[in-house]
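So you can see what is in the structure, the chains are spelled out below.
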Amino acid sequence: MDSDKRLIALKNFLENQLREWDAAIRDRPNEPKAYVQRGMVNFKLAKIPQSIQDFDTAEKLDPRLTPYLWQRGLSFYYAERFEEGAKQFEVDLTVNARDVEETVWRYLCIARQQGATEARNSLLAVKNDPRPVMRRVWDLYAGNCTAEDVIAAGKRDGRRGLFYSHLYVGLYCEAESDMAGAREYIAKAVEWELDDYMWHLARVHLLVREWV
């Protein structure tokens, strides 16, 4: 019951945020960052098409934002617009070559479109991501370690590490068409509650897949 109350409170909070950004955009209709922020709230509410529309509007208002719209790449994934998602993450990596997450999300988009083997064959190298758990995540997607190795790395980094390790193992399972494993690990990731956009993504994943 407490869990249900928290979810209701979270939804109410996000709906209030959405109304606030609606008002801000009415006042400043040419402010691209306002559309990015509203797009993020729409995503957290599992309103995927609306989030993409907001990110697209932000890009039209300021094309310089394109390589920083990683949030749109995530929305593309859940809209099953995998080719556009992969392209978004490729552009993102031109300004953030150290990031395992954007590299992995490119992999995930390719896997859903062309299969896991093609995704692994085209996995990009990553330079010096400072997060040990994410370096281990990259090893998993490259075929160089096991899911258990990733979870063990996550345990060494506390709650945040446990969240990220379970999330990316779950996403890996989905790329491998192991939907039972995906559901198990991503549901576990949601239990490690964080004030983090990616924690909301894990929630959205369960909602979109109708696993809740």
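Thresholds applied
- Residues numbered from 1 in each chain as written.
- Predicted model: local features only at pLDDT ≥ 70, side-chain atom pairs only at ≥ 80, totals over all residues.
- Heavy atoms only, no water.
- Helix = DSSP H or I, 4+ residues; strand = E, 2+ residues; numbered from the N terminus.
- Contact = heavy atoms within 4.5 Å.
- 1 Å grid on protein atoms, 1.4 Å probe; cavity = no way out; pocket = protein on both sides within 12 Å on 5 of 7 lines; lining within 4 Å.
- Points joined across faces, edges and corners; volume = space filled by probe spheres on them.
- Nonpolar A, V, L, I, M, F, W, Y, C, P; charged D, E, K, R; others polar.
- Core = buried A, V, L, I, M, F, W, Y, C linked by side-chain atoms within 4.5 Å.
- Buried < 20%, exposed > 50% of the residue type's maximum accessible area, 1.4 Å probe, protein only.
- Expected span 1.5 Å × (residues − 1).
- Salt bridge = Lys/Arg side-chain N within 4 Å of Asp/Glu carboxyl O.
- Axes fitted to C-alpha atoms, helices over the stretch in contact; angles between N-to-C directions.
- Parallel < 35°, antiparallel > 145°, perpendicular 65-115°, else oblique.
- Left-handed = near helix turned anticlockwise from the far one by under 90°.

Visitor: Account for the environment of Phe55, with residues named and values stated.
Guide: Topologically, Phe55 is positioned in helix 3 (residues 48-61). As for Phe55 and Gly39, which are separated by 16 residues in sequence, their C-alpha atoms are 6.0 Å apart. For Phe55, the contacting residues outside a window of four places in its chain are Val36, Gly39, Met40, Leu69, Gln71, Arg72, Ser75 and Tyr197.

Visitor: An account of the layout of surface pockets is needed here, citing residue identities and associated values.
Guide: Volume-wise, the largest pocket comes out at about 500 Å³. Leu7, Leu10, Val190, Trp199 and Arg203 are the residues nearest the centre of the largest pocket, which is lined by 20 residues in total. Looking at the lining of the largest pocket, the elements with two or more residues in it are helix 1 (2-27), helix 11 (179-191) and helix 12 (197-208). Partitioning the lining of the largest pocket into residue classes produces 10 nonpolar, two polar and eight charged. Its volume calculated, the second largest pocket comes out at about 160 Å³. Every residue lining the second largest pocket is listed: Trp70, Leu74, Phe89, Asn96, Asp99, Glu101, Glu102, Trp105, Tyr168, Asp196, Tyr197 and Met198. Residue assignment for the lining of the second largest pocket shows that the elements contributing at least two residues are helix 4 (70-78), helix 6 (100-114) and helix 12. The residue inventory of the lining of the second largest pocket, partitioned by class, reads seven nonpolar, one polar and four charged.

Visitor: Please give an account of the nonpolar core that cites residues and values.
Guide: Residues Trp105, Tyr107, Tyr141 and Tyr168 are the most contacted members of the largest nonpolar core, which totals 69 residues. Here this core gets nine residues from one element, more than from any other, and that element is helix 10 (residues 158-175). The contact partners of Tyr168, leaving out residues within four places of it in the chain, are Glu101, Val104, Trp105, Met134, Val137, Tyr141 and Met198.

Visitor: Outline helix 10, supporting the account with residue identities and numerical values.
Guide: Taking 1.5 Å per residue, 18 residues should reach 26 Å; helix 10 reaches 26 Å between its end C-alpha atoms and fits that length. With 15 of its 18 residues buried, helix 10 lies for the most part within the structure. Trailing helix 10 by a residue or two, Ser177 shows a phi angle of about 65°, which is positive.

Visitor: I'd love a proper account of the pattern of salt bridges, names of residues and values included.
Guide: Tallied over the entire structure, the rule returns 19 salt bridges. Two residues, Glu90 and Arg106, come together in a salt bridge whose shortest N-O distance is 3.0 Å. Of the two residues, Glu90 is situated in helix 5 (residues 82-92) and Arg106 in helix 6; the sequence distance between them amounts to 16 residues. Residue Glu90 is classed as partly exposed on the basis of its relative accessible area, which comes to 35%. Members of the salt-bridge network, linked through shared partners, are Glu80, Arg112, Glu174 and Arg209.

Visitor: Could you give an account of the packing of helix 9 (residues 147-155) against helix 10, naming the residues involved and the relevant values?
Guide: What describes two packed helices is the angle between their axes and the distance between those same axes. For the pair helix 9 and helix 10, the least separation of the axes is 7 Å and the interaxial angle reads 160°. As judged from the angle between their axes, helix 9 and helix 10 are roughly antiparallel. Note that helix 9 runs across helix 10; the crossing there is right-handed. Contact residues: Ala147, Val150, Ile151, Gly154 and Lys155 in helix 9; Gly158, Gly161, Leu162, Ser165, His166 and Val169 in helix 10. Here the contact of helix 9 with helix 10 is built from residues that sort into five nonpolar, five polar and one charged.

Visitor: How would you sum up the side chain of Gln88? Please name residues and give values.
Guide: Along the chain, Gln88 turns up in helix 5. In this structure Gln88 comes out as buried when scored by relative accessible area, which is 4%. If sequence neighbours within four positions are ignored, Gln88 has contacts with Thr66, Leu69, Trp70, Arg72, Gly73 and Phe76.

Visitor: Let's hear about the environment of Ala153: which residues, and what values?
Guide: Within the element layout of this structure, Ala153 appears in helix 9. Spatially, the C-alpha atoms of Ala153 and Ser177 are 24 Å apart, while their sequence positions differ by 24 residues. Among residues more than four places away in sequence, those in contact with Ala153 are Val133 and Arg136.

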